[in-house]
Amino acid sequence: MNKLLNILLIEDDAIEVMKFNRVLSTLDIKHKILEANNGEEAIKILKEKETVPDIIVLDLNMPKMNGIEFLRILKADEYLKYIPAVILTTSNNRKDILECYKIGIAGYLLKPLKYDEYIDRIKHLIEYWSRNELISQ
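Residues numbered from 1 in each chain as written. Predicted model: local features only at pLDDT ≥ 70, side-chain atom pairs only at ≥ 80, totals over all residues. Heavy atoms only, no water.

Draft legend 1. Representation of the overall build of the protein in the model. When you go through the protein residue by residue, the secondary structure sums to five helices and five strands. Its helices and strands in sequence order give the protein the pattern β-α-β-α-β-α-β-α-β-α, from N to C terminus. In summary, the protein has a C-alpha radius of gyration of 14 Å against a globular reference of 14 Å for 137 residues, a match within 12%. In terms of overall dimensions, the protein has C-alpha extents of about 35 × 35 × 25 Å along its principal axes. Every one of the 137 residues in the protein was classed for burial, and the buried ones make up 47%. At a minimum sequence separation of 6, the contacts of the protein that also span at least 24 residues come to 69%. Carbon and sulfur atoms provide 51% of the accessible area of the protein, an area that totals close to 7700 Å². In the protein, which carries 20 positive and 22 negative side-chain charges, the distance between the mean positions of the two groups comes to 3 Å. (Helix = DSSP H or I, 4+ residues; strand = E, 2+ residues; numbered from the N terminus. Rg over C-alpha atoms; globule rule 2.2 N^0.38 Å. Buried < 20%, exposed > 50% of the residue type's maximum accessible area, 1.4 Å probe, protein only. Contact = heavy atoms within 4.5 Å. Areas by Shrake-Rupley, 256 points an atom, 1.4 Å probe, with all protein chains shown as cover. Lys, Arg positive; Asp, Glu negative; His and termini not counted. Charge placed at Lys NZ, Arg CZ, Asp CG, Glu CD.)

Below you can see the structure in the form of structure tokens.
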């Protein structure tokens, strides 16, 4: 049985945010999406602890605070470090990938160019985490 997820989406590109939300709206389960435009905004949301996300989906290339800087802050926090973070980015730079896994991410997905492939990746990502036994539950 799939659980409803609280998902924190950290993405500075409005088109990418719309695309992500569009894919989720096609799924039968209505997950709650919190949105942040950059790492700084996401840290503020997380520190408020009003809604603790079940997973974080984030881009690497963002203004103010990039994804790797955000991950370092997230994983250094005793309360927040257990939230699974999944990278969704266009960067296939091996250095970025290795650094993210070193910090402690739960997954690294490349944004495909074709929309059908994007739908498939997001659908599988959400299906997996909605069935997973999350630490934050």
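On we go from here.
Draft legend 2. Expanded view of unusual backbone geometry. The residue Lys 64 is not glycine, and still its phi comes out positive at about 70°. Tracing the chain through its elements places Lys 64 in the loop between β3 (55–58) and α3 (67–76).

Draft legend 3. Spatial organisation of the packing of helix α1 (residues 14–26) against helix α5 (residues 115–131). Here α1 crosses α5 at 65°, and the two axes come no closer than 10 Å. Remark: the crossing between α1 and α5 carries right-handed chirality. Judged by residue contacts, Glu 16, Lys 19, Phe 20, Arg 22, Val 23 and Leu 24 of α1 engage Tyr 115, Tyr 118, Ile 119, Ile 122, Lys 123 and Ile 126 from α5. (Axes fitted to C-alpha atoms, helices over the stretch in contact; angles between N-to-C directions. Left-handed = near helix turned anticlockwise from the far one by under 90°.)

Draft legend 4. Looking closely at the environment of Lys 75. Its place among the elements puts Lys 75 in helix α3. Taking the relative accessible area as the measure of exposure, Lys 75 reaches 18% and is therefore buried. Lys 75 sits 35 residues away from Leu 110 along the chain, and the two C-alpha atoms are 22 Å apart. Ignoring any residue separated from it by four or fewer positions in sequence, one finds Lys 75 in contact with Lys 81, Ile 83, Ile 103 and Gly 104.

Draft legend 5. Structural detail: the pattern of salt bridges. All told, the structure shown has seven salt bridges when counted by the stated rule. The partner of Lys 111 in a salt bridge is Glu 11, with the nearest N and O atoms 2.9 Å apart. Of this pair, Lys 111 sits in the loop between β5 (107–110) and α5 while Glu 11 sits in the loop between β1 (6–10) and α1, and the two are 100 residues apart along the sequence. Among the residues examined, Lys 111 registers a relative accessible area of 12% and is labelled buried. Connected through shared salt-bridge partners, Glu 11, Glu 16, Lys 19, Asp 59 and Lys 111 make up one network. (Salt bridge = Lys/Arg side-chain N within 4 Å of Asp/Glu carboxyl O.)

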